[in-house]
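Results of the structural survey
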Amino acid sequence: MKISLFITCLGNVLYPDLGVTMAKIFTRLGHTVDFPDKQACCGQISFNSGYMEDTRIVARNLIDAFAGSEVVVAPSGSCIGMIHHHYPKLFENDPLYLRKANDLIHKSHEFSQFLVNVLKTPDLGARYQAKVTYHPSCHATRLMGIREEPLTLLEHIQGVEVVPLPEAQLCCGFGGTFSIKMPVISEAMVQEKAQHVLESGADILTGLDMGCLMNISGYLEKQGHPIPAMHVIQLLGKGI
């Protein structure tokens, strides 16, 4: 396949190794990779803040950026969830971009779903010795229905022991703009999540959305418990 990478804002600015590792993994599997450089934000931040017209401008740009792509893959259940669940409503009165949005929806995937369900290659021959706990981020789980796919990838990394995360279903309190608008509530939520990570006894926290992982690991570090947080892609990269 020819796979177009949708890197997302957070990945591009703070975690560029995510995109590099994705490219290496797909190339290793025999696929070609490109990066349409017109891509920018999916519009989730402005959408969550109620700026619908601004969101449409940003969303049209993203749709156009991937118009010529065969397949689009992102390291974020949150951003793919935005496209799949909110673009149809955004463009319900714009027949042209509604059609284009539906085309993007049908060819766009979150990384773990794509690797396990589409490529059907959960075993990349990775090896990494660590006790790992998995945080199921809200958008990946609830919007995209991603549950078993990341665990399947982790189970195929030789040496990794997956340990349960107590109360795993609870939100970490990030929620993008939520953590800025409601900082006191957000901190209370991440405090609870961080405590559960410590209770798990894991060496590494992993997940599918860097926003959540950044929030939890940042709080842990601030409290003197610097437990590394790695995206499942980063863990696979180290194992390979």
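Description of the structure in this document. Only a predicted model underlies this, so the values are computations on that prediction, with no experimental measurement involved.

Procedures and definitions
- Counting from 1, residues in each chain are numbered in the order their sequence is written.
- Reporting in this predicted model follows two pLDDT cut-offs: at least 70 for local features of residues, and 80 or more for side-chain atom pairs to be given and counted; totals over whole chains, interfaces and linings ignore these cut-offs and use all residues.
- The basis for every side-chain value is the complete set of non-hydrogen atoms in the structure, without hydrogens or water.
- Working definition: helices are DSSP H or I runs of at least four residues, strands are E runs of at least two. Numbering for both runs from the N terminus.
- Counted as a polar contact is a pair of N or O atoms within 3.5 Å, where, for protein atoms, one must be capable of donating a hydrogen and the other of accepting one, and residues adjacent in sequence contribute only when both atoms are in side chains.
- Given the number of residues in a helix, its expected span is that number minus one, multiplied by 1.5 Å.
- Buried residues are those whose accessible area, probed at 1.4 Å on protein chains only, stays under 20% of the maximum for their type, while exposed residues exceed 50% and partly exposed ones sit between those limits.
- By construction, the arc corresponds to the directions joining the helix axis to the C-beta atoms.
- In what follows, residue pairs with any heavy atoms lying within 4.5 Å of each other are defined as contacts.
- All axes here are fitted lines through C-alpha atoms, helices being fitted over the stretch that makes contact, and every angle between N-to-C directions spans 0 to 180 degrees.
- An angle below 35 degrees is read as roughly parallel, one above 145 as roughly antiparallel, one from 65 to 115 as roughly perpendicular, and any other as oblique.
- Take the far helix as the reference: if the near one is turned anticlockwise from it by less than a right angle, the crossing is left-handed, and if turned clockwise, right-handed.
- Only Asp, Glu, Lys and Arg are considered charged in this grouping, and only Ala, Val, Leu, Ile, Met, Phe, Trp, Tyr, Cys and Pro are considered nonpolar; every other residue, Gly among them, is considered polar.

Here's the deal with the environment of R142
As for its position among the elements, R142 is in helix α8 (residues 138–143). Sequence-wise, R142 and S78 are 64 residues apart; in three dimensions their C-alpha atoms are separated by 9.8 Å. A distance of 2.6 Å separates a polar atom in the side chain of R142 from the backbone oxygen of Q169.

Brief notes about helix α2 (residues 16–28)
One full turn of an α-helix is made of 3.6 residues, so residues set three or four places apart face in the same direction. Here α2 contains 13 residues, and its C-alpha end-to-end distance of 19 Å stays within 8% of the 18 Å for a straight helix at 1.5 Å per residue. Regarding α2, the residues found buried are L18, G19, T21, M22, I25 and F26. Seen end-on, α2 carries its buried residues on one side only, within an arc spanning 165°. Following α2 by one or two positions, G30 has its phi on the positive side, about 95°.

Topic: helix α4 (residues 52–65)
For α4, spanning 14 residues, the distance from its first C-alpha to its last is 20 Å, which sits close to the expected 20 Å at 1.5 Å a residue. Those residues of α4 not exposed but buried are T55, R56, A59, L62, I63 and A65. The inward-facing, buried residues of α4 abut α3 (44–48), α5 (77–90) and α6 (95–107).

Focus: the environment of P88
As for its placement among the helices and strands, P88 is situated in helix α5. P88 sits in the partly exposed class, given a relative accessible area of 27%. Between the C-alpha atoms of P88 and V132, which are 44 residues apart in sequence, the distance is 37 Å. Discounting residues that sit within four places of it in the chain, P88 has contacts with I83, L98, N102 and I105.

Considerations on the packing of α2 against helix α13 (residues 232–239)
Running from N to C, α2 and α13 point in directions that differ by 55°, and their axes come no closer than 9 Å. With respect to α13, the axis of α2 lies oblique. Seen along the crossing, α2 lies across α13 with a hand that is left-handed. Contacts between α2 and α13 involve D17, L18, T21, M22 and I25 from the former and I233, Q234, L236 and G237 from the latter. Considering only residue class, the contact of α2 with α13 consists of five nonpolar, three polar and one charged.

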